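Secondary and tertiary structure notes
Here are the chains, one letter per residue:
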Amino acid sequence: MTAVVPQAAPAAATPHQPMVEAIEVHKRFGSLEVLNGVTMSVERGQVVCLLGPSGSGKSTLLRCINHLEKVDAGMIRVAGETVGYREKNGRLSELREKEVATQRRKVGMVFQRFNLFPHMTALENVMEAPTQVARRSNADARREAIDLLGQVGLADKAETYPAQLSGGQQQRVAIARALAMSPEVMLFDEPTSALDPELVGDVLDVMRALAENGMTMIVVTHEIGFAREVADVAVFMDGGVVVEQGDPRQVLMHPAEERTRSFLSKVL
Ligand code: ADP
Ligand code: MG
């Protein structure tokens, strides 16, 4: 029998497809326009740092990308799929709840507050979604969870409960937990803001290693040093719009816009 070798599509025929694409996204809460036409694009393997004053809409944008919020207008695509919708013959129809859950698995999210399950060990926290949601076998999930805890430098903490871990260690477990579902993109919402300063470095190191391994990441952070060293693109938001974006050295060291300059003078 001859093996069937899948033919790769010729490169020219493959349309360019960003990993995450937000197009003219609008989102309001009541009369408050929180996102006022946000357009941005993240390539596969890119790290984008999202900066901006409190209330500028950064968390809301991440939550829309992860379908924790629904956009009012515009659209978001993740890995080519329209978030919340199915595209058929050029028409969009809304996904059912279960389909949304499947779509959401492409996106891993890490919050400022780690929200680990307190009654589960680090290992059990990481195994939870793969076994309960993805229906992986216990043995497989355990093997992978141990591997992931090793990647975040916590191989020796597998049997430890969250309360016995430092904030930085808990956040690294949260990162391992998000990675356990093999997301295509990772979203970080101020992952180090709740940490004591001496614990920030270890978390940023794990994120830097992830970036070096090619993970696509959108990181909301006030860690300007991290943004400058790790990000491919820095995006500055204010008032629900992208004020400027580009090479982090440009945006963070020589911003073109007064609003960016004023913000940076406060956080640096
Ligand atoms: P950032 O993360 O940049 O600080 P957010 O996206 O959290 O900004 O919030 C932007 C604005 O939207 C804020 O004024 C906030 O109070 C408001 N907001 C966020 N979520 C909600 C919600 N669920 N209901 C009402 N207002 C909200
Ligand atoms: Mg926020």
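Keep in mind that what you see is a predicted model, and the values were worked out from it rather than measured.

The next subject is the UniProt feature "domain: ABC transporter" (unreviewed entry) in the protein chain. UniProt feature "domain: ABC transporter" (unreviewed entry): in the numbering of this structure it lies at residues 20-264. This span, residues 20-264, is 37% helix and 28% strand, and a straight line between its end C-alpha atoms measures 26 Å.

A side chain with one charge can pair with a side chain of the opposite charge if their charged atoms come near. With the rule as written, the count across this model stands at 17 salt bridges. Its salt-bridge partner being R208, residue E229 comes within 3.1 Å of it at the nearest N-O pair. Here R208 lies in helix α6 (residues 197-212) and E229 lies in helix α7 (residues 224-230), a separation of 21 residues in the sequence. By relative accessible area, which is 57% here, E229 ends up exposed. A single salt-bridge network, built from bridges that share partners, covers E21, R77 and E87.

Bringing the layout of surface pockets into the picture now. Approximately 640 Å³ is the volume found for the largest pocket. Those elements giving two or more residues to the lining of the largest pocket turn out to be α2 (97-104), β8 (107-110), α3 (122-132) and α5 (167-179). Top element by residues in the lining of the largest pocket is β8. It accounts for four residues. For the lining of the largest pocket, the residue count by class is 14 nonpolar, four polar and four charged. Lining of the second largest pocket is provided by 16 residues; of these, H67, V71, V83, G84 and Y85 occupy positions nearest its centre. Residue assignment for the lining of the second largest pocket shows that the elements contributing at least two residues are β4 (73-78) and β7 (91-94). Here the lining of the second largest pocket takes three residues from β4, the largest share from any one element.

Sheet architecture is open: six strands sit in the order β8-β9-β10-β3-β11-β12, paired in mixed fashion. Each edge of the open sheet is held by one strand with a lone partner, namely β8 and β12 (241-246). Along the sheet, successive strands turn relative to each other by an average axial angle of 20°, direction set aside. Pairing geometry for strand β3 (residues 47-51) and strand β11 (residues 233-238), over four bridges, is parallel. Opposite L50, over in β11, you have V235 as the bridge partner.

Thresholds applied
Residues numbered from 1 in each chain as written. Chains lettered and ligands numbered in written order. Predicted model: local features only at pLDDT ≥ 70, side-chain atom pairs only at ≥ 80, totals over all residues. Heavy atoms only, no water. UniProt positions renumbered as here; feature names shortened; annotations may be inferred. Helix = DSSP H or I, 4+ residues; strand = E, 2+ residues; numbered from the N terminus. Salt bridge = Lys/Arg side-chain N within 4 Å of Asp/Glu carboxyl O. Buried < 20%, exposed > 50% of the residue type's maximum accessible area, 1.4 Å probe, protein only. 1 Å grid on protein atoms, 1.4 Å probe; cavity = no way out; pocket = protein on both sides within 12 Å on 5 of 7 lines; lining within 4 Å. Points joined across faces, edges and corners; volume = space filled by probe spheres on them. Nonpolar A, V, L, I, M, F, W, Y, C, P; charged D, E, K, R; others polar. Pairing = 2+ DSSP bridges. Axes fitted to C-alpha atoms, helices over the stretch in contact; angles between N-to-C directions.

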